[in-house]
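# Understanding the architecture of this molecule
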Amino acid sequence: MAFLRKLNQILLLLLLLTFCLILYSTIYKVSTVKEKEEADPIEDIEEDVIPVVICAPSGRMAGTMAAINSIYAHTAANVLFYIVGMKNTLTHIRKWIEGTHLADIQFKIIEFNPEVLEGKIRPDTPYPELLQPLNFVRFYLPLLTLNHEKVIYLDDDIIVLGDIQELYDTKISMGHVAAFSEDCDLPSTQELIKKVGIQNTYMGFLDYRKKAIQNLGISPSTCSFNPGVFVANMTEWRHQHITKQLEKWMKKNVEENLYSSTVGGGVATPPMLIVFHEKYSHITPYWHIRYLGWSPDDKTSQNILQKAKLLHWNGRYKPWHMRSAHSNLWEEWYIPDPTGKFQLHRV
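Residues numbered from 1 in each chain as written. Predicted model: local features only at pLDDT ≥ 70, side-chain atom pairs only at ≥ 80, totals over all residues. Heavy atoms only, no water.

If you walk across this open sheet you meet the seven strands as β3-β2-β1-β4-β7-β6-β8, and the pairing is mixed. Both outer strands of the open sheet, β3 (106-111) and β8 (280-282), are each paired with one neighbouring strand and no more. Within the sheet, the average angular offset between the axes of one strand and its neighbour, ignoring direction, is 30 degrees. Direction of pairing for strand β1 (residues 50-55) relative to strand β2 (residues 79-85): parallel, over a ladder of six bridges. Paired with valine 53 across the bridge in β2 is tyrosine 82. The strands touched by helix α2 (residues 61-73) are β1, β2 and β4 (150-154); relative to β1, the strand with the most contacts, the crossing angle is about 160 degrees. Each of β2 and β3 is contacted by helix α3 (residues 90-98), which is oriented at about 165 degrees to β3, the strand it contacts most. (Pairing = 2+ DSSP bridges. Helix = DSSP H or I, 4+ residues; strand = E, 2+ residues; numbered from the N terminus. Axes fitted to C-alpha atoms, helices over the stretch in contact; angles between N-to-C directions. Contact = heavy atoms within 4.5 Å.)

Per the stated rule, a full pass over the model turns up 10 salt bridges. For aspartate 183, the salt bridge identified is with arginine 290, shortest N-O distance 3.3 Å. Placement of aspartate 183 in the loop between β6 (178-182) and α6 (187-196) and of arginine 290 in the loop between β8 and α11 (302-307) is noted, with a sequence separation of 107 residues between them. Classification of aspartate 183 as buried rests on a relative accessible area of 2%. Accessibility expressed as a relative area gives 4% for arginine 290, which makes it buried. (Salt bridge = Lys/Arg side-chain N within 4 Å of Asp/Glu carboxyl O. Buried < 20%, exposed > 50% of the residue type's maximum accessible area, 1.4 Å probe, protein only.)

Moving on, we come to the state of the cysteines. Using the criterion set out here, one finds one disulfide in the structure. Cysteine 184 shares a disulfide with cysteine 223; S-S distance 2.1 Å. Across the S-S bond of cysteine 184 and cysteine 223 the torsion is about 120 degrees, and the bridge reads as right-handed. Remark: cysteine 223 occurs in the loop between α7 (211-214) and β7 (225-233) and cysteine 184 occurs in the loop between β6 and α6; sequence separation between them is 39 residues. By relative accessible area, cysteine 223 is classed as buried at 11%. (Disulfide = S-S within 2.5 Å.)

Of all seven residues that make up β2, seven are buried, and the element is covered over most of its length. Side chains Val79, Phe81, Ile83 and Gly85 project from β2 onto one buried face, and the interleaved Leu80, Tyr82 and Val84 project onto a second face that is buried too. Regarding the hand of the β-α-β motif, the stretch spanning β1, α2 and β2 is right-handed. Of the strand pairs in this sheet, β2 and β3 are connected by six bridges, and their pairing is parallel. By the bridge assignment, valine 84 is partnered in β3 with isoleucine 110. (Right-handed = clockwise from strand over helix to strand, strands pointing away.)

In this section: the side chain of threonine 89. Here threonine 89 is to be found in the loop between β2 and α3. Residue threonine 89 is classed as buried on the basis of its relative accessible area, which comes to 6%. Apart from residues no more than four positions distant in its own chain, threonine 89 is found in contact with Ala56, Ser58 and Met61.

We now examine the confidence of the model for the protein. In the predicted model, the protein carries a mean pLDDT of 85, and the fraction of residues at 70 or more is 78%. Below pLDDT 50 for its whole length, residues 23-45 participates in one contact with residues either more than four positions away or in separate chains. (pLDDT = per-residue confidence, 0-100.)

With the rule as written, the count across this model stands at 15 aromatic pairs. Ring plane angle 40 degrees and centroid distance 5.0 Å describe the contact between phenylalanine 180 and phenylalanine 230, whose orientation is recorded as tilted. Taken together, the residues phenylalanine 180 in strand β6 and phenylalanine 230 in strand β7 connect sequence positions 50 residues apart. For the pair shown, phenylalanine 180 and phenylalanine 230 are each scored as buried. In this structure an aromatic cluster arises from ring pairing among Tyr153, Phe180, Phe225, Phe230, Trp237, Phe276 and Tyr280. Sitting above the plane of the tryptophan 249 ring, lysine 252 keeps its charged end 5.7 Å from the centroid. (Phe/Tyr/Trp six-rings, centres within 6.5 Å; stacked < 30°, edge-to-face > 60°. Lys NZ or Arg CZ within 6 Å of the ring centre and 35° of its normal.)

What follows covers the packing of α2 against α3. At their nearest, the axes of α2 and α3 sit 11 Å apart, and the two run at 40 degrees to each other. Here α2 lies oblique to α3, going by the angle between them. The crossing of α2 and α3 is right-handed. In this structure, α2 uses Met61, Ala62 and Met65 to contact α3, whose residues at the interface are His92, Ile93, Trp96 and Ile97. When the residues that make up the contact of α2 with α3 are grouped by side-chain class, the tally is six nonpolar, one polar and no charged. (Parallel < 35°, antiparallel > 145°, perpendicular 65-115°, else oblique. Left-handed = near helix turned anticlockwise from the far one by under 90°. Nonpolar A, V, L, I, M, F, W, Y, C, P; charged D, E, K, R; others polar.)

So this is what it looks like as structure tokens:
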């Protein structure tokens, strides 16, 4: 009898242990599912995010902050700013943002390593200011913005007056890598080109005397596009190895000097014109009103400015350090530097 009592006690203990194990397993499973359910909304938000890449070069950071401010003020969309700078400017970028109302934006500050450009840039360009490393950030978007299907790239000398969601929703046709604004899209642009002498064809950016350019089979009168504002399909970019193609033409230019030395010039635009030829869709014209920095005089009509969704001061007359056209439209979004390092002085 003692043996049977002992056996019953052992069986009861085993039964209790089994019950505890089942109970623990059930609780753990519920807990795990709950954690996953709580994580899903975050993933959904990330799927809805609008990634915007913009650089913050030293000396031009006021432009970057004004651009971000204008975007933030005109949208209710979930925008994530990728702000790219050089190592020695990262702290300044963060202090400028966190010391102002821009502290409320979602942002990531990314350091750009200029070593990736070694052996890919000729030092003898007629426009040395275009050689600064951040000018080439747009070539490396897949390395900077992971896990995004679509990305907006913006130069720092822009102001957004429309909802950035509309630009993000730009349709990119199947097989195309990005959407750009063509330099032949608005009659007003054409008038400005004639008056000021702006180059708007491939001839203005590529040297057609060179065999490598002739072999492309692209007519020199083909309309160029502006790479200062674009929407990119990251899946197609990776699939078509766009970064490698851009680097290939950068290296070829170092070896053969393929870019034009005319007023079109540039160092980032020519390889993009080659690589994206017939691989891009079109941005609605009013989402990129440009050449505002080409001359200090007013060349753009008030009618165009009133309809504009995005203004671009491309050219040498930047609204933060020189007398430029329509600088009042830029200054409305300017945010003073809380560190005091940058002061707004116009020459």
